[in-house]
Amino acid sequence: MSQGGRLEDAMNEEVKVVTKQRVAGRPKLLVPQIAGFIYCPGCHEPLAARAIAEVLEKLGMGDRAIGVFDIGCNSFLLGMLDIDAVLTPHGRPPDMATGVKRVYPDNIVFTVQGDGGLLSIGADPLLGALTRAEKITIIMLNNAVYGTTGGQMAPTSLEGQVTTTTPNGRDLARTGFPTHAAEMIATFRGVAYSARGAFNTPKNYMRTRKYITSAFQKQMDNVGLSFVEIICACPENWRLSPIDSLKWIEEKMIPEFPLGEFKNVDRIE
Ligand SMILES: Cc1ncc(C[n+]2csc(CCOP(=O)(O)OP(=O)(O)O)c2C)c(N)n1
Ligand code: SF4
Ligand SMILES: [Mg+2]
């Protein structure tokens, strides 16, 4: 055999090895990003699209899901999911989802929002939906900053966290305390489910996917409002590498925002 032939065989062998390293397929509802991937390296927000796609596929609800998306880095998840979707003005998804759900009561209607969009500018629509016990699902991506607009302090920013609006670190005496959305939302009577997950490890990804499944199931069972908060890395604004961002989530974010279910009831009393 010629030298060239052996090289070709070796290259083919290498291709086979690379092919074997594939560990996860693509859910059908996840749209391939052929025009390029818009998210920063190491950003966890696109994982929310994958998790939602996997859950909807498993529940067989892809054709009957309507996503209501907010303005923010999370907006781009809209283009990653092959489902019906609406984009609202910043902070308004719970209002829009209320209308959509009342018109289409048999569909799964869920919002995807950032921590800024849900807890600061969108606090009023959130409070309204909680008070009215709308049978919608709210998914909040907690990256501890306003990601899109350049990393300003969000209601979830940690004590001492350096952001563009807290260059010396978040001072609790001046700016108050981080908001614990999953715990707070669990206190509302019309809420059927509230949980907080993270995407920093495969185990936490799978746990979060389970939380999203439970939240959608509560809605399908017509129990009450369901909520899932997901801790997401924003390496760009945290000024950390993707790997160091994982460490920051483990060492700083999760101690402040513990993971788990805070409410899970089958009937609103
Ligand atoms: C009414 C209104 N106010 C402010 C803005 C500017 N704005 C766009 S996105 C955003 C914050 C986004 O932060 P977050 O909701 O946490 O989403 P992330 O980008 O972190 O995913 C702000 C303040 C806007 N578009 N509309
Ligand atoms: S700015 Fe942050 S949240 Fe936005 S895409 Fe980049 S890493 Fe993700
Ligand atoms: Mg944010």
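The coordinates are above.
This structure is a prediction, so every number in the text was calculated from the model and none was measured.

So, how was this worked out
- Residues numbered from 1 in each chain as written.
- Chains lettered and ligands numbered in written order.
- Predicted model: local features only at pLDDT ≥ 70, side-chain atom pairs only at ≥ 80, totals over all residues.
- Heavy atoms only, no water.
- Donors = N, O, S within 2.8 Å, 3.2 Å for Na, K, Ca; no water.
- Helix = DSSP H or I, 4+ residues; strand = E, 2+ residues; numbered from the N terminus.
- Buried < 20%, exposed > 50% of the residue type's maximum accessible area, 1.4 Å probe, protein only.
- Near = heavy atom within 4 Å.
- Salt bridge = Lys/Arg side-chain N within 4 Å of Asp/Glu carboxyl O.
- Pairing = 2+ DSSP bridges.
- Axes fitted to C-alpha atoms, helices over the stretch in contact; angles between N-to-C directions.

Novice: For this particular structure, what's the right way to read the coordination of the magnesium ion (ligand 3)?
Specialist: Tetrahedral coordination by four donors places them ideally at 109.5 degrees to one another around the metal; octahedral coordination by six donors ideally gives 90 or 180 degrees. The magnesium ion (ligand 3) binds to the protein through Asp115 (OD), Asn143 (OD1) and Val145 (O), with metal-donor distances spanning 2.1 to 2.3 Å. Sequence positions of the residues that donate to the magnesium ion (ligand 3) give the spacing D-x27-N-x1-V. With a gap of 30 residues between them, Asp115 in helix 4 (residues 115–119) and Val145 in strand 5 (residues 145–146) connect regions that are remote in the sequence. Residue Asp115 is classed as buried on the basis of its relative accessible area, which comes to 1%.

Novice: What exactly am I supposed to notice about the site of ligand 2 here?
Specialist: As a structural note, the neighbourhood of ligand 2 is formed by Tyr39, Cys40, Cys43, Glu45, Cys73, Asn143, Gly147, Cys234, Pro235, Glu236 and Asn237. Looking at the shell around ligand 2, the element that brings in the most residues is helix 9 (residues 235–238), giving 3 residues.

Novice: I keep staring at the pattern of salt bridges and nothing clicks. Help me out?
Specialist: As a working rule, side chains carrying opposite charge can pair if their charged atoms are close by. Enumeration over the complete set of coordinates arrives at 8 salt bridges. In this structure, Arg209 and Glu54 form a salt bridge, with 2.8 Å as the shortest nitrogen-oxygen distance. Of this pair, Arg209 sits in helix 8 (residues 202–220) while Glu54 sits in helix 2 (residues 45–59); the two residues are 155 residues apart in sequence, bridging distant segments of the chain. Since its relative accessible area comes to 26%, Arg209 is described here as partly exposed. Residue Glu54 is classed as buried on the basis of its relative accessible area, which comes to 19%. Asp266 is the partner of Lys218 in a salt bridge, and the nearest nitrogen-oxygen pair spans 2.7 Å. In this pair, Lys218 sits in helix 8 while Asp266 sits in the segment after strand 9 (260–264), placing the two residues 48 residues apart along the sequence. Residue classification places Lys218 among the buried positions, given a relative accessible area of 7%.

Novice: It is not clear to me how the sheet that holds strand 7 (residues 191–198) should be interpreted in this structure. Could you clarify?
Specialist: Either a parallel or an antiparallel arrangement is found when strands of a sheet pair, and the pairing is made through backbone hydrogen bonds. Pairing within the open sheet is mixed, and its 7 strands lie in the order 2-1-3-4-8-7-9. Lying at the two open borders of the sheet, with one neighbouring strand each, are strand 2 (84–87) and strand 9. Looking at each pair of strands side by side, their axes are set apart by 15 degrees on average, direction ignored. Here strand 1 (residues 65–69) runs beside strand 3 (residues 108–114); their pairing, made up of 5 bridges, is parallel. Bridge pairing links Ile66 to Val109 in strand 3.

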